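# Analysis of the macromolecular model
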Amino acid sequence: MALAIVVAAVLHVVLPAKYRVDPVWVVPAVLLALLAALIIGDPGRIDRQKAWLRIVTGAVIAFITVTNLFAAVHLIVDILTNNKLFAGNATGLLATGGVIWATNVIAFGLWYWDLDRGGAAARAHHPHANPAFVFPEMLHAGYAPASWVPEFADYLSLAFWTATAFSPTDVSAIKRWAKLLMMIEAVVSLGIGALVIARAINILQ
């Protein structure tokens, strides 16, 4: 999870200046400061059920989501208004769209990880209580230990396949909020992907 937040910070920095929050150091500084607070408050295994830790975790994920939405909206507006920023530069357009898309996957992976069963700390104490997602390991006990609990990599995989397949794959959402969140991710991913690819093809022609 910590590595995903660092990657999201780096991805925002490598965006073209028009799509970044200025000054350039603000986003990584805020994210790293909040991440440091989380690590200090709950080092090692995430198992401390403190209200302020949940609030800070939510703030980190929301900040990543909002800053990436800022970039996505500006990119979409530029595409729809035929802005000349990427005129003749399909590679730059695809790279920018790819960065925004990848950050979106990380953001939704973090949301799934933080919201399922009350978050990582709650799952550490009550691993099987009230799941929002049913993973294949939960259905095929012969291939996974009885103590198996989804970790961040599992939620990141869920976010990736939702963004690429635009539908559930091997994981089933069984809570309404989880289904709606996956729908939102799929719509955002489809919108960014379709517009960026269509504009890139238009530039190449």
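In this report, we go over the structure that sits alongside the text. Residue indices begin from 1 for each chain and proceed along its sequence in written order. With the structure being a predicted model, the display of local features is reserved for residues of pLDDT at least 70 and the display and counting of side-chain atom pairs for 80 or more, all residues being used for whole-chain, interface and lining totals. Hydrogen atoms and water are omitted, and side-chain values are computed over all heavy atoms in the structure.

## Some points on the packing of helix α1 (residues 2-13) against helix α4 (residues 90-115)
In this analysis an axis means a line fitted to C-alpha atoms, helices contributing only their contacting stretch, and an angle means the value between N-to-C directions, from 0 to 180 degrees. To qualify as a helix, a DSSP run of H or I must reach at least 4 residues; to qualify as a strand, a run of E must reach at least 2; elements of each kind are numbered from the N terminus. Where α1 meets α4, the axes come as close as 10 Å, and the angle between the chain directions of the two elements is 155 degrees. Comparing their axes, α4 and α1 come out roughly antiparallel. Judged by the sense of rotation from one axis to the other, the crossing of α1 with α4 is left-handed. Counting all contacts with α1, which are made through Ala4, Ile5, Val7, Ala8 and Leu11, the residues of α4 involved are Val99, Ala102, Thr103, Ile106 and Leu110. Geometric relationships in this document are graded by angle, where less than 35 degrees denotes roughly parallel, more than 145 denotes roughly antiparallel, 65 to 115 denotes roughly perpendicular, and other angles denote oblique. Left-handed describes a crossing whose near helix is turned anticlockwise from the far helix by less than a right angle; the clockwise case is right-handed. We call two residues in contact when some of their heavy atoms are within 4.5 Å.

## Let's talk about the pattern of salt bridges
Side chains that carry opposite charge are capable of pairing whenever their charged atoms lie near each other. Only one rule defines a salt bridge in this text: a Lys or Arg side-chain nitrogen within 4 Å of an Asp or Glu carboxyl oxygen. Tallied over the full model, the rule gives three salt bridges. We note a salt bridge from Asp78 to Lys18, for which the minimum N-O separation is 2.9 Å. In this pair, Asp78 is assigned in helix α3 (residues 51-80) and Lys18 in the loop between α1 and α2 (26-41), connecting sequence segments 60 residues apart. Burial classification: accessible surface area is computed with a 1.4 Å probe over protein chains only, and a residue below 20% of its type maximum counts as buried, one above 50% as exposed, and the rest as partly exposed. What makes Lys18 partly exposed here is its relative accessible area of 37%. Two residues, Arg117 and Asp116, come together in a salt bridge whose shortest N-O distance is 3.4 Å. Looking at Arg117, the relative accessible area reads 9%, which means it is buried.

## Some details on the environment of Lys175
Mapped onto the secondary structure, Lys175 falls in the loop between β2 (172-173) and α8 (176-204). Judged by its relative accessible area of 26%, Lys175 falls in the partly exposed class. The sequence separation of Lys175 and Ala194 amounts to 19 residues, and the corresponding C-alpha distance is 28 Å. Apart from residues lying up to four places away in sequence, Lys175 is in contact with Asn130, Pro131 and Ala132. Looking at Lys175, its side chain comes within polar contact range of the side chain of Asn130, at 2.6 Å. Pairing of N or O atoms within 3.5 Å defines a polar contact, subject to two protein rules: one partner must be a possible hydrogen donor and the other a possible acceptor, and residues neighboring in sequence count only if both atoms are side-chain atoms.

## Some words on the packing of α3 against α4
Interaxial distance between α3 and α4 falls to 10 Å at its minimum, and their mutual angle equals 155 degrees. One way to sum up the angle between α3 and α4 is to call them roughly antiparallel. For α3 against α4, the interelement crossing comes out left-handed. Taking contact as the criterion, the partners of Arg54, Thr57, Gly58, Ile61, Ala62, Ile64, Thr65, Asn68, Ala71, Ala72, Leu75 and Ile79 in α3 are, on α4, Leu93, Thr96, Gly97, Ile100, Thr103, Asn104, Ala107, Leu110, Trp111, Trp113 and Asp114. Among the residues forming the contact of α3 with α4, the class breakdown is 13 nonpolar, eight polar and two charged. Each residue receives one of three labels: charged for Asp, Glu, Lys and Arg, nonpolar for Ala, Val, Leu, Ile, Met, Phe, Trp, Tyr, Cys and Pro, and polar for the others, Gly being one of them.

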